[in-house]
Amino acid sequence: MEGTKDSEDRNSPFIAIRWPALLDSGLLFPINYLGVEMTEFTYHNGELCCEEVLLAEIAQHAGTPCFVYSKRALLNAYFALDKAFAKIDHLICYSIKSNANLAVLNLLASQGAGMDIVSQGELYRALKAGVPPERIVYSGVGKSGAEIRYCLESGILSFNVESIPELAAINRMAAALGKTAPISLRVNPDVESNTHEYTSTGKKESKFGIPYDEALQAYTKAAEFENLRLIGIDMHIGSQVTQIEPFVTAFAKIADLFIQLRNEGFELEFFDIGGGLGIRYSEETPPTAAEFAEAVLPILKPLDCKIILEPGRFISGNAGILLTRVIHLKQTGVKNFAVVDAGMNDLIRPSLYNAYHQVSLVTESDSPKVKVDIVGPICETGDWLAKDRLLPKLEEGALLCVHSAGAYSFTMSSNYNGRPRGAEVLVDGDSYRIVRKAETLEDLIRGEEI
Ligand SMILES: Cc1ncc(COP(=O)(O)O)c(C=O)c1O
C-alpha cells in the first residue's frame, strides 16, 4: 500500500543535523508574537528552528502533520519548578495526560520526577518508561477493579481517592491481594479557578473530590477500612489557571484541614497540591514558577510535610509544536481559508475549548499580510486550528508551525475521519529522533475483523 510505504519511509530512525556554530553565533532570536516567548523555537536566517534543528528538515523527514518537542524546554520548565520548591521536601509528579510519549516520561523520570496517572494505560506507559512505581500517584474519579489491582500489584505511592465507594472498592481489592493500599483523599476546596468551564475542577458543583465540609467525616470513615493506610491529602482545582489567587485560597483551605486532621491523630505524610499552573498561549500572564512558589510556600512550609505537585501543561505545553502543511488555499466571498493537513483529530483544543494557538510560517516571508482561517480537512465546521489570523500571504505547500502544542495535543488526538496520526519527534540540541512513528493505514484497522 502506498500510504503505508510512505509512512514507513518517513519513519526511518534517527537523523542528526550538525550545526554547532549556530548557538554561538548569537543569531538565535526568540519568537515574540503577541508577547508569547518560546525560546527553544527561534528563527535563524529566516528559518524556524527547534533548538538547533531546522523545522523544515524535520517536516521533510518525519512528514506532516507531526509534533516536535524540545528536550531543553521540557527540562527548563521542570527544573524551574523543582528549583522554586527546593526549600521544602517535594516531589514533582508530572501529569502524564498532558504529554504521554515514552521518551518524554523517561526524560523527566531520569531527572527525579514522579508521575501522576489517571488510568492503567498511563501506569503501563510510566512503568515502560522506567518510572519507579513508588513515585506514582493515581488520580481519577472512576478507577476500575482491574486498574486498582494493577496499581496495588505495582506498588504505587498513593491512590488519590475521590469518594467513599471508591475507598470501599480499593479496600476490597487490597484485602483480596493481602495488601494495604496507601491512600490520600482528594478534597474539593470549592474555589473558582477562572479557567475554561471544562477544565475547572475545584468547585463543589464538579464531579471531583470529596466536598470540603465532608472531608473530616470521610477521613474518619476511611480509617475504619482495615486494608487502607491514610497517608496524605490531595486537591486539584483545574487546568490552565493563570492567576495565583485561586491556588492561594485553595491551598490555605486544605492546609487548615491538614492541620485539623493531624490534630485528630491522622498521620498524614504529604499534601498533594495538584497541577493546573497555566502557560502563555497568547496574552496570558501566568505566574512564573518562582512567583508561584513565593506565594504558596508560606502556606505549605509550616505544614512540615512532603509537598507533591502534579504539573502537566506547565512542563510540556510550550515545549512542543505541531507542524502542518498547506494543502489548498480557498477563497469564498467572505473568507480566506488555508486548508492544512492537520485537523481537529490531531489538535482538538481549538474545537473543544475555543483555544488560541499562535501560528507562524516556518520560512519567514515578506509577502503582504492577509487575514486567513487555518482549517483542517475534516468534515466538520468545527475543524479549525486558527481563525482570522493576519499572516503573510500563504502558498500551497507552505509549512506552518502551530505553537504551544506540547500539552493536551497528541494525547487528545484520534483517528477520526480515518486519519493516521503523524509522528512525534524529540529534539536535543542539534539532533532529533522520531520518538513515535507516524501511523500507517494498517494501524487504523488493527484488531478489527470483518
Ligand atoms: C488530578 C490532576 N492533576 C494534574 C493535572 C494536570 O493539570 P495541568 O496540566 O494543568 O498542570 C490534571 C489535569 O487536569 C488533573 O486532573
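Since this is a predicted model, take the numbers as computed values, not measurements.

### Section: the overall build of the protein
Okay, so step 1: The helix and strand tally for the protein stands at 14 helices and 23 strands.
Okay, so step 2: In terms of overall size, the protein behaves like a compact globule, its C-alpha atoms giving a radius of gyration of 23 Å where 450 residues would be expected to give roughly 22 Å.
Okay, so step 3: A principal-axis box enclosing the C-alpha atoms of the protein has dimensions of 70 × 55 × 50 Å.
Okay, so step 4: Counting the 450 residues in the protein, one finds 55% classified as buried.
Okay, so step 5: Sequence separation of 24 or more characterises 70% of the internal contacts of the protein that already satisfy a separation of 6 or more.
Okay, so step 6: Roughly 19300 Å² of accessible area belongs to the protein as shown, and the carbon and sulfur atoms make up 50% of that amount.
Okay, so step 7: When the 42 positive and 59 negative side-chain charges of the protein are each reduced to one mean point, those points stand 1 Å apart.

### Some thoughts on the site of the ligand
Okay, so step 1: Surveying the vicinity of the ligand reveals 15 residues, the closest of which are Ser239, Gly276, Glu310, Arg313 and Tyr408.
Okay, so step 2: Interatomic distance of 3.2 Å between a side-chain N/O atom of Asp116 and a nitrogen atom of the ligand.
Okay, so step 3: Within the side chain of Ser239, one N or O atom sits 2.4 Å away from an oxygen atom of the ligand.
Okay, so step 4: Calculation on the ligand without its partners gives an accessible area of 400 Å², and the protein chains cover 91% of this total.
Okay, so step 5: Per-class residue counts for the shell around the ligand are two nonpolar, eight polar and five charged.

### Focus: the packing of aromatic side chains
Okay, so step 1: Tallying each qualifying case throughout the model produces ten aromatic pairs.
Okay, so step 2: An aromatic cluster of three or more residues is present, and its members are Phe85, Phe247, Phe251, Phe271 and Phe292.
Okay, so step 3: Lys143 extends its terminal NZ or CZ atom over the ring of Tyr138, reaching a point 5.1 Å from the ring centre.
Okay, so step 4: The ring centre of Trp384 lies 4.4 Å from the NZ or CZ of Lys387, which sits over that ring.

### Overview of the domain arrangement of the protein
Okay, so step 1: Partitioning the protein into domains gives domain 1 (2–70 + 317–441) and domain 2 (72–316).
Okay, so step 2: The C-alpha-based centres of domain 1 and domain 2 are spaced at 32 Å.
Okay, so step 3: In this assembly, 31 residues from domain 1 lie in contact with 24 residues from domain 2.
Okay, so step 4: Buried area between domain 1 and domain 2, summed over both chains or domains, comes out near 2300 Å², and the portion from carbon and sulfur atoms is 51%.

The rules we used
- Numbering of residues begins from 1 in every chain and follows the order in which that chain's sequence is written.
- Given that the model is predicted, a residue must reach a pLDDT of at least 70 before its local features are reported, and side-chain atom pairs must reach 80 or more before they are shown or counted; all residues, however, enter totals for whole chains, interfaces and linings.
- Calculation of side-chain values draws on the structure's entire complement of heavy atoms; hydrogens and water are dropped beforehand.
- Secondary structure elements follow DSSP: runs of H or I no shorter than four residues count as helices, runs of E no shorter than two count as strands, and numbering proceeds from the N terminus.
- Our radius of gyration is a C-alpha quantity, and the globule rule it is checked against amounts to 2.2 Å times the number of residues to the power 0.38.
- For the exposure calls, accessible area comes from a 1.4 Å probe over protein chains only, and a residue counts as buried if that area is under 20% of its type's maximum, exposed if over 50%, partly exposed in between.
- Contacts are assigned to residue pairs with any non-hydrogen atoms lying within 4.5 Å of each other.
- Shrake-Rupley sampling with a 1.4 Å probe provides the accessible areas, and residues are treated as covered by the protein chains on show and by no other component.
- Here the positive residues are Lys and Arg and the negative ones are Asp and Glu; neither His nor the chain ends is included.
- Charge positions are represented by NZ for Lys, CZ for Arg, CG for Asp and CD for Glu.
- Here a residue is considered near a molecule or strand provided that any single heavy atom belonging to it is located within 4 Å of it.
- Think of a polar contact as two N or O atoms within 3.5 Å of one another; within protein, one of them needs to be a possible hydrogen donor and the other a possible acceptor, and neighboring residues in sequence only count if both atoms come from side chains.
- Gly is put with the polar residues, along with every residue not named as nonpolar or charged; the nonpolar set is Ala, Val, Leu, Ile, Met, Phe, Trp, Tyr, Cys and Pro, and the charged set is Asp, Glu, Lys and Arg.
- Any two of the Phe, Tyr and Trp rings considered here, Trp counted by its six-membered ring, make a pair once their centres fall within 6.5 Å; the pair's planes then place it as stacked at under 30 degrees, edge-to-face at over 60, or tilted in between.
- Our definition puts a charge over a ring when NZ of Lys or CZ of Arg is within 6 Å of the ring centre and also within 35 degrees of the ring normal.
- The domain limits used here are those given by an automatic or database domain assignment.
- Note: buried area is the sum, over both parts, of the accessible area (probe 1.4 Å) each one loses when the two are combined.

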